[in-house]
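The chain contents come next:
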Amino acid sequence: MVQLTVNGESREFSGDEEMPLLWYLREDAGLKGVKFGCGIAQCGACTVHIDGQAIRSCVTPVAAVDGASITTIEGLSDGETLHPVQQAWIEEDVAQCGYCQAGQIMAVAAMLEETPNPSDDDIDRNLTNICRCGTYYRLRKAVHRAASLKRGG
Amino acid sequence: MDGSHHFATRRDVLRYASAAGALIVAAPLSACSRRPGESVAIADGPPAAVGAFIVIRPDETVLIAFPNPEMGQGVDTSLPMLIAEELDADFDKVETTQMPLELKYGDDGEITWKYAIQGSGGSTSITEHWDGLRRAGATARQLLVGAAAADWTVDASEITVAKGVIRHETSGRTTTFGAIASAAAQLEPPTQEPALKPRDEFTLIGTSQKMKNARAIVTGKAVYGIDAEMAGMVHAVMARCPYFDGTARSVDERAARAIPGVREIVKIDRPPLDGPYSVQAEGYAVVADSVWAAMKGRDALVIDWDHGPYAAETSAGFKDHCRDLLSGEGQIVRDDGDFDAAFAAAATTHEAHYWEPYVSHAPLEPQNCIVHVRDGSVDVIAPTQSPSGANRNIARVLDRDRLSIKVQPTRLGGGFGRRLSTDYAVEAALISDAVRKPVKLLWTRDDDLRHDFYRPSGMHHLRAGFDADGKMIAWTHRLASASKYYRRPNMPETNYYRAELYTDDFPAQLVENLRVEYFSAKSGAPRGSWRAPAHTANAFVVQSFLDEIAAARDEDPLDLRLRLLGEPQELSYEQHGGPVFNPGRLAGVLRLAAEKAGYGAPMPAGRGRGIAAHFTFGGYVAQVVDVEVSAEGHLRVPRVVAAVDVGTVVNPNGIAAQLESGVNDGLSTALRLAINIEGGRVTDGNFDTYQLMRIADAPREIETHIIDNGDASAGMGEMGLPPLAPALANAIFQATGTRIRNLPIGDQLSA
Ligand code: FES
Ligand code: FES
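Everything numeric here is computed off the predicted structure, so don't read it as measured data.

Looking at this structure, I do not really get the overall build of chain A. What am I missing?
Of regular secondary structure, chain A possesses 5 helices and 5 strands. Over its C-alpha atoms, taken along the principal directions, chain A stretches across nearly 45 × 30 × 25 Å. Relative to its full complement of 153 residues, chain A shows a buried share of 58%. Partitioning the intrachain contacts of chain A with sequence separation of at least 6 by distance along the chain shows that 58% fall at a separation of at least 24.

Here's what the structure looks like:
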């Protein structure tokens, strides 16, 4: 039996604990904002926060998150008030197909906690999520905007 | 979402559609409770079909459906702009949603579009809907105005509309779309086509608009195919034969069936050898209660595969095969003047070979599809660029009437041409037919990379001759490649070239003696349309070769291009994107990009600035690429400056987004991407070896400069990609003296 908190809600899981957290979140918890892209920790589409750290859920077995608190893209905003990263993403009009963006946003939100004012080199070092549509130019601008939105309040 | 915005009442809505250019009825909507980004959320079967429509709600919001699938190219915003312009709606109050596939039998008894074309491919969405969607908007406006005129007993011609507000100037009376919509819904649609605005009266078309469904995306609520569900569905994952056209000799299902949750195993047969693809490969589908059980079941299958007819194929062998072909004589597909004589008489000659590898589409959302086959009907929810193709191919394999098959396209997590093929939808249909339940088929990344329809690979051989006055008098482009036009009905091998060489491409008609020659190479690798199909390869080789010529002649690469292009003139262009190619417009984007980029300024050591331009499907794009190459051969592209002429621009912000996407896609592909083949199978199974570009390699500056001379609108989904690779190669040559003739670049600079 695995006990975990997902977006503030306590949950229990008693199935195959080897199952990646990704499939638990998508199929059992119904949180489909968490995306499947590669299954081997390469693309970052499945990024969620585990106790505040950005983690690729496709290679994280459910067994490993016993007692952990998980936040997905669905739990990032404060009700209708978007997280600064989400807000910046809209203002910079980042998304194209949008499939990678939940993972990108989760990765950036975690990075800004550690590095509130990232340089371009910080971004290059920290962000390794793949965007197949190639939205990187606006994505970079949105990271800077999110950092300043966050600082401003 | 709160329920008050749903279409609780039926009389407050208008429904219009543009069918074959004509107008349809105003009619109440069928039940529809969708909000943008939720278009196919969990439903018992696909939601009710609602057709091409405009819905005006009492709260003044307007819901507009876009006919073509959205895959990131921005049609969820640009197509509704066409309607909203003529409707005079307040675009800030417009929400947009994906239209389901709507077909009908035409007067000739053949299946045809019910309202409008509904495929996404070839950058055609704007062009093909330019008139029809504007007419749909104008008609709705006319009804709204008519209802107000009747209410006020004034003449409709005295009424003006702006941003959803209807006004009678002389009496000062006003009303709004939301207030008058139910009265308008009672009116008969006009019998005459409404007049459309002249271009100088546009207030929305030509303004920058942000993507309509951004909020759903950033909150994780946008629904892709992989997120859709049907009640009672089961999950399927397949083990496909990894060898091209191979078959299963035997299968041991015992371990797979022992996995908890695994219900059934369904065999899918390979299509006939050399026949059209229905599915791509032979395989076994594991049907289970959950995705995870299906994946474990798939891994537990023990299958002995026959290696098939291409068991000996390797990447290196295929390259040798293409080189061998080029040493002989091919099929001459264009022959102007006398190339041989002119080349022999030339004062100076140039020659080079170039290589393009197979590459994969790799949309980030792996293929998936939900199908429910019942006795009299089939429901399909699919992330597809071609909902009608899914409908047609499922109808064929199940032997059903096409109108009994309902297809709801979802938002696509990328397309790039991969989702023009519908093999994954056919697989899901065959599995559902076998188990008679709604089946959600999921491909893993492995499945996607190993079973793609790859961009064709081939070797190009170019030669050019100049006379003593420096005039180009001879040009030939010879290509040996595995065409994507194969295994198609009614497609003789003599037509294979049509997919790989567009014979009216530059410099045709601008050089007197020109020959284009094609060699059809054999390969087992499945091929298909990859964003800007043959233009990616041909722009690379032609624009690189021009640079080589310029260097050999000690002439500036831009000057050489401009003098070859010459004055504006209308040349005939019979391939997609025609009927006209105007070399003056290509020269125009070259000049603008060069000016904005500071082209020609001296560059410090280790830096280069390259230029290239290409005419792609009706659009003209030039790019100037800057590179820095370190002493160790590490490459960086700090800046790309582009100029774009795609005629009348609907959404400049969307043009820039697609240009940026094309630049990054072009760079990613040129840097590291190739699909490798050993022993008749693809060896790349995930992003660890198929290394898509990440942000660290992406240009920090991308500038898009737009020329809009009011010409007919072309699309922008593909045009931004072809010039990147040659402009990059040209910049690398300037920085290092190394000429890139083989793609990808890989470690060629550090070797
Ligand atoms: S799906 Fe987890 S990193 Fe790609
Ligand atoms: S927006 Fe499509 S993958 Fe990033």
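So that's the structure; there's more coming.
Help me understand the interface of chain B and chain A, please; the structure alone is not making it clear to me.
Note: interface size is frequently given as the accessible area lost on complex formation between the parts. At the junction of the two partners, chain B supplies 61 residues and chain A supplies 49 residues. Summed over both partners, the interface of chain B with chain A comes to about 4700 Å²; 57% of that surface belongs to carbon and sulfur atoms. At the junction of chain B and chain A, the tally comes to 10 salt bridges. Between aspartate 120 of chain A and arginine 700 of chain B there is a salt bridge, and its shortest N-O distance comes to 4.0 Å. Joining chain B to chain A, the criterion identifies 34 residue pairs in polar contact (both at pLDDT 80 or more). Counting residues per element, the ones that place at least two in the side of chain B that touches chain A are α4 (214-218), α6 (291-300), β21 (439-442), α15 (652-672) and β33 (701-706) of chain B. No other element matches α15 of chain B, which puts 8 residues into the side of chain B that touches chain A. When grouped by side-chain class, the residues that make up the side of chain B that touches chain A number 31 nonpolar, 15 polar and 15 charged.

Looking at this structure, how should I read the environment of tyrosine 224 of chain B?
Secondary-structure assignment places tyrosine 224 of chain B in the loop between α4 and β11 (234-240). Once residues lying within four places of it in the same chain are set aside, the contact partners of tyrosine 224 of chain B are Lys35, Cys97, Gly98 and Tyr99 of chain A together with Ile217, Glu365, Thr410, Arg411, Leu412 and Gly413 of chain B.

How should I be thinking about the domain arrangement of chain B in this particular structure?
Residues and elements named next belong to chain B. Considered domain by domain, chain B is made up of domain 1 (5-218), domain 2 (225-308 + 367-442) and domain 3 (315-359 + 453-736). Each partner contributes to the interface: domain 1 provides 20 residues, whereas domain 3 provides 18 residues. Around 1300 Å² of area is buried between domain 1 and domain 3 when both sides are counted, 53% of it from carbon and sulfur atoms. Here domain 1 and domain 3 share 1 salt bridge between them.

So what exactly am I meant to see when it comes to helix α16 (residues 724-736) of chain B here?
Note: α-helices contain 3.6 residues per turn, so residues at a spacing of three or four share the same orientation. All names here are of chain B. Here α16 contains 13 residues, and its C-alpha end-to-end distance of 18 Å stays within 8% of the 18 Å for a straight helix at 1.5 Å per residue. Counted residue by residue, α16 has 10 buried out of 13 residues, so it is predominantly covered. Those residues of α16 lying buried are Leu724, Ala725, Pro726, Ala727, Leu728, Ala729, Asn730, Ala731, Ile732 and Ala735.

Would you explain the pattern of salt bridges in this entry?
Close approach of charged atoms lets side chains of opposite charge pair. Residue and element names in this part refer to chain B. Using the criterion set out here, one finds 70 salt bridges over all chains in the structure. Residues arginine 298 and aspartate 299 are paired through a salt bridge, measuring 3.7 Å at the closest nitrogen-oxygen approach. In this structure, aspartate 645 engages arginine 585 in a salt bridge whose closest nitrogen and oxygen atoms are separated by 2.8 Å. With aspartate 645 in strand β30 (residues 639-645) and arginine 585 in helix α14 (residues 583-597), this residue pair connects regions lying 60 residues apart in the sequence. For arginine 585, a relative accessible area of 18% corresponds to the buried category.

Would you explain the nonpolar core in this entry?
Soluble, globular proteins show a tendency: their nonpolar side chains are buried together. Tyr24 and Trp89 of chain A together with Trp475, Val627 and Leu728 of chain B are the most contacted members of the largest nonpolar core, which totals 205 residues. Counting residues in hydrophobic clusters, the runner-up holds 37 residues, among them Phe91, Val94, Leu133 and Val650 of chain B.

In this structure, what is going on with helix α2 (residues 125-152) of chain B? I would like to understand it.
Residues and elements named next belong to chain B. An ideal rise of 1.5 Å per residue puts 40 Å on 28 residues; α2 measures up with 39 Å between its terminal C-alpha atoms. The sharpest bend along α2 measures roughly 40° and falls at aspartate 131. Across the 28 residues of α2, 20 count as buried, placing the element largely inside the fold. Phi for threonine 153, located one or two positions after α2, is positive at around 45°.

I would appreciate a short explanation of unusual backbone geometry in the present structure.
It is generally the case that most residues other than glycine have a negative phi and that most peptide bonds are trans. Residue phenylalanine 506 of chain B is joined to proline 507 of chain B through a cis peptide bond whose omega torsion reads 10°. Structurally, proline 507 of chain B is set in the loop between β23 (472-481) and β24 (513-520). The phi dihedral of aspartate 93 of chain A falls on the positive side, at around 55°, and the residue is not glycine. In this structure, aspartate 93 of chain A sits in the loop between α2 (84-91) and α3 (101-114). Relative accessible area serves as the criterion here: at 6%, aspartate 93 of chain A is assigned to the buried category. Of note in the backbone geometry, aspartate 245 of chain B takes a positive phi value of approximately 60° without being a glycine. By the secondary structure assignment, aspartate 245 of chain B is in the loop between β11 and β12 (247-252). Looking at aspartate 245 of chain B, the relative accessible area reads 9%, which means it is buried.

Just to check I follow, could you spell out the domain arrangement of chain A for this structure?
All names here are of chain A. Per the domain assignment, the segments making up chain A are domain 1 (2-75) and domain 2 (84-150). On a C-alpha basis, the centroid separation for the pair domain 1 and domain 2 is 21 Å. Residue-level contacts link 17 residues of domain 1 with 13 residues of domain 2. Counting each side, the surface lost to burial between domain 1 and domain 2 is near 1100 Å², with a carbon and sulfur contribution of 59%. The interface formed by domain 1 and domain 2 includes 0 salt bridges. At the surface where domain 1 touches domain 2, the tally comes to 6 residue pairs in polar contact (both at pLDDT 80 or more). Elements supplying a minimum of two residues to the side of domain 1 that touches domain 2: β3 (47-50) and β4 (53-56). Here the side of domain 1 that touches domain 2 is built from residues that sort into 6 nonpolar, 9 polar and 2 charged.

How should the sheet that holds strand β8 (residues 159-162) of chain B be read in this particular structure?
Strand pairing within a sheet occurs via backbone hydrogen bonds; the two strands may be parallel or antiparallel. Residue and element names in this part refer to chain B. Read across the open sheet, the 3 strands follow the order β8-β9-β10; overall the sheet is antiparallel. Pairing within the sheet leaves two strands with one partner each, and these edge strands are β8 and β10 (173-176). On average, each strand axis in the sheet is tilted by 20° relative to the strand beside it, whichever way the strands run. Across 4 bridges, β8 lies against strand β9 (residues 165-168) in antiparallel orientation. For threonine 160, the partnering residue across the bridge sits in β9 and is arginine 167. Sitting on the sheet, α2 touches β8, β9 and β10, and the angle it makes with β8 is about 135°. Helix α3 (residues 177-185) rests against β8, β9 and β10 of the sheet, and its axis sits at about 80° to β10.

What am I meant to see in the packing of aromatic side chains here?
The geometry of an aromatic ring pair is captured by the separation of the ring centres together with the interplanar angle, meaning the angle of the planes. All names here are of chain B. This model, assessed by the stated rule, comprises 17 aromatic pairs over all chains. Here tyrosine 354 and phenylalanine 540 contribute two aromatic rings whose centre-to-centre distance is 5.9 Å and whose plane-to-plane angle is 80°, an arrangement assigned as edge-to-face. A residue pair is termed long-range when its members are at least 10 positions apart, and tyrosine 354 in strand β17 (residues 348-356) and phenylalanine 540 in helix α12 (residues 533-553) qualify at 186 residues. Take tyrosine 354: its relative accessible area is 1%, and that puts it in the buried class. Overall, the relative accessible area of 0% leaves phenylalanine 540 in the buried class. The structure contains a cluster of three or more aromatic residues connected by ring pairs, namely Phe318, Trp355, Tyr358 and Tyr454.

How do you make sense of the environment of glycine 577 of chain B when you look at a structure like this?
Residues and elements named next belong to chain B. As for its position among the elements, glycine 577 is in the loop between β25 (571-572) and β26 (580-581). Sequence separation between glycine 577 and alanine 714 is 137 residues, and the spatial gap between their C-alpha atoms is 8.0 Å. The residues touching glycine 577, leaving out its near neighbours within four places in the chain, are Phe615, Phe617 and Gly618.

Hey, could you run me through the side chain of threonine 47 of chain A in this one?
Residues and elements named next belong to chain A. Structurally, threonine 47 is set in strand β3. Threonine 47 gets classed as buried once you look at its relative accessible area, which sits at 6%. Here the side chain of threonine 47 touches glycine 44 through a polar contact of 2.6 Å, landing on its backbone oxygen. Excluding anything up to four places from it in sequence, threonine 47 contacts Ala54, Ile55, Arg56, Gly103, Met106, Ala107 and Asn129.

What am I meant to see in the sheet that holds strand β3 (residues 54-56) of chain B here?
Residues and elements named next belong to chain B. In spatial order, the strands read β3-β4-β5; together these 3 strands make up an open sheet with mixed pairing. The open sheet is flanked by β3 and β5 (94-98), the only strands paired with a single partner. Pairwise comparison of adjacent strand axes, ignoring direction, gives a mean angle of 20° for this sheet.

What counts, and at which threshold
Along each chain, numbering runs from 1 in the same order as the chain's sequence is written. Both sets of labels track the order of writing: A upward for chains, 1 upward for ligands. Where local features are concerned, this predicted model is filtered to residues with pLDDT of at least 70; where side-chain atom pairs are given and counted, the filter is 80 or more; whole-chain, interface and lining totals use all residues. Side-chain numbers come from the whole structure's heavy atoms, not from hydrogens or water. Helix numbers and strand numbers start at the N terminus; a helix is a DSSP run of H or I with at least 4 residues, a strand a run of E with at least 2. Here's how the labels work: a residue is buried when its accessible area is under 20% of the maximum for its type, exposed when over 50%, partly exposed in between, all with a 1.4 Å probe on protein chains only. Every residue pair with non-hydrogen atoms within 4.5 Å of one another is taken to be in contact. Buried area adds together the accessible area that both of two parts lose upon being put together, with accessible area traced by a 1.4 Å probe. Here, a salt bridge means any Lys or Arg side-chain nitrogen found within 4 Å of an Asp or Glu carboxyl oxygen. Here a polar contact means two N or O atoms within 3.5 Å. Within protein one must be a hydrogen donor candidate and the other an acceptor candidate, and residues neighboring in sequence count only if both atoms are side-chain atoms. The classification used treats Ala, Val, Leu, Ile, Met, Phe, Trp, Tyr, Cys and Pro as nonpolar, Asp, Glu, Lys and Arg as charged, and all other residues, Gly among them, as polar. A domain assignment, automatic or from a database, supplies the domain bounds used here. Expected helix span is given by 1.5 Å per residue-to-residue step, counting one fewer step than there are residues. For our purposes a nonpolar core is just a set of buried Ala, Val, Leu, Ile, Met, Phe, Trp, Tyr and Cys residues, chained together by side-chain atoms within 4.5 Å. For a residue, the bend is simply the angle between two axes, fitted respectively to the seven-residue segment ending there and the seven-residue segment starting there. We treat two strands as partners when DSSP finds at least two bridges between them. Orientation is described by axes fitted as lines to C-alpha atoms, over the contacting stretch for helices, and by angles from 0 to 180 degrees between their N-to-C directions. Two rings from Phe, Tyr or Trp (for Trp, the six-membered ring) form a pair when their centres sit within 6.5 Å of each other. Planes less than 30 degrees apart are called stacked, planes more than 60 degrees apart edge-to-face, and all others tilted.

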